[in-house]
Amino acid sequence: MSSMASKTVVITGGNRGIGEDITHRFLDAGYKVVNISRQEPTFSHENLETYIADLADRNVTQQIATEIVATNEVTNFIHNAGVIRPDLLEDVKLEDLDYLTQLHIGSAIILSQSFIPAMKKNKLGRIVLISSRGVLGLVTRTNYAATKAGQIGLVRTWALELAQHGITVNAVAPGPIETDMFHEMVPEDSEQKSKIAASVPVKRVGNAADIGRVVSFLCEAESSFITGQTWYVCGGASLGSLAL
């Protein structure tokens, strides 16, 4: 990963899974990383700062954003935090929709609004939202797919608004990725996991590094001609149905 003018990146959910991989990539590249997550990371680094928060809380999110920009000029923002809360349509809870809307969309807006002034000043910025292959349809994902699809709408709109300022905005949409969240729903070494892998064209589930390397690429200074796009990193699962 090549460096940018300001070397501060904010990553949400950077404490585990995909977010942890992304965090390590930026730390290895010499960036200061500001992580916002619900739990402390299990690792530490002299250039890692963590805020403990639930980004579904609008007021807390705004307070943290204000604190971050008071001492940092952020030019990279990776919004990775997310939860699923699965339910078949008959059981979907609107309170879950409210929660996921604020977590996946509302907090992305609040944080981006706080970081954009510095990005505009430096004529350089990278925003990456971690969406999901599930936006194409997946059983039990009404609230999750709707809010993750909403992120793609943000990306396409912000890309148009911010391109003239040297700021790119993209989405990465992972397919089935082996993380703690994945294993909360799909036990490791289970028949269900084997079934999922068999339904993916490349015949395996992904890992956090599969996503992290794409995020790193999109954040390079040299990736300035890529904006408004959704990158499906899913082993080809976006080309057809996916078995769960």
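Since we're looking at a predicted model, the values are computed, not measured.

Conventions we followed
Residues numbered from 1 in each chain as written. Predicted model: local features only at pLDDT ≥ 70, side-chain atom pairs only at ≥ 80, totals over all residues. Heavy atoms only, no water. Buried < 20%, exposed > 50% of the residue type's maximum accessible area, 1.4 Å probe, protein only. Helix = DSSP H or I, 4+ residues; strand = E, 2+ residues; numbered from the N terminus. Arc of directions from axis to C-beta. Axes fitted to C-alpha atoms, helices over the stretch in contact; angles between N-to-C directions. Parallel < 35°, antiparallel > 145°, perpendicular 65-115°, else oblique. Left-handed = near helix turned anticlockwise from the far one by under 90°. Contact = heavy atoms within 4.5 Å. Nonpolar A, V, L, I, M, F, W, Y, C, P; charged D, E, K, R; others polar.

Draft legend 1. Looking closely at helix H6 (residues 191–199). Residues Lys-193, Ile-196 and Ala-197 constitute the buried set of H6. One side of H6 holds all its buried residues, which, seen down the axis, span an arc of 100 degrees. Summarising the geometry of H6, the exposed residues directed more than 90 degrees from the buried face are Glu-191 and Lys-195.

Draft legend 2. Structural detail: the packing of helix H3 (residues 94–122) against helix H4 (residues 142–162). Taken N-terminus to C-terminus, the directions of H3 and H4 make an angle of 20 degrees; their axes are 9 Å apart at the nearest point. What the angle tells us is that H3 and H4 run roughly parallel. For the element pair H3 and H4, the recorded crossing hand is right-handed. Note on element contacts: H4 touches H3 through Asn-143, Tyr-144, Thr-147, Lys-148, Gly-150, Gln-151, Leu-154, Trp-158 and Leu-162, opposite Asp-96, Leu-97, Leu-100, Thr-101, His-104, Ile-105, Ala-108, Ile-109, Ser-112, Ile-116 and Lys-120.

Draft legend 3. Representation of the packing of helix H2 (residues 58–71) against H3 in the model. Between H2 and H3, whose axes approach to 9 Å, the crossing angle comes to 30 degrees. Between H2 and H3, the angle is such that the two are roughly parallel. H2 and H3 meet at a crossing whose hand is right-handed. Where H2 approaches H3, its residues Arg-58, Thr-61, Gln-62, Ala-65, Ile-68 and Val-69 are matched on the opposing element by Gln-102, Ser-107, Ile-110, Leu-111, Ser-114 and Phe-115. Residues of the contact of H2 with H3, tallied by class, amount to six nonpolar, five polar and one charged.

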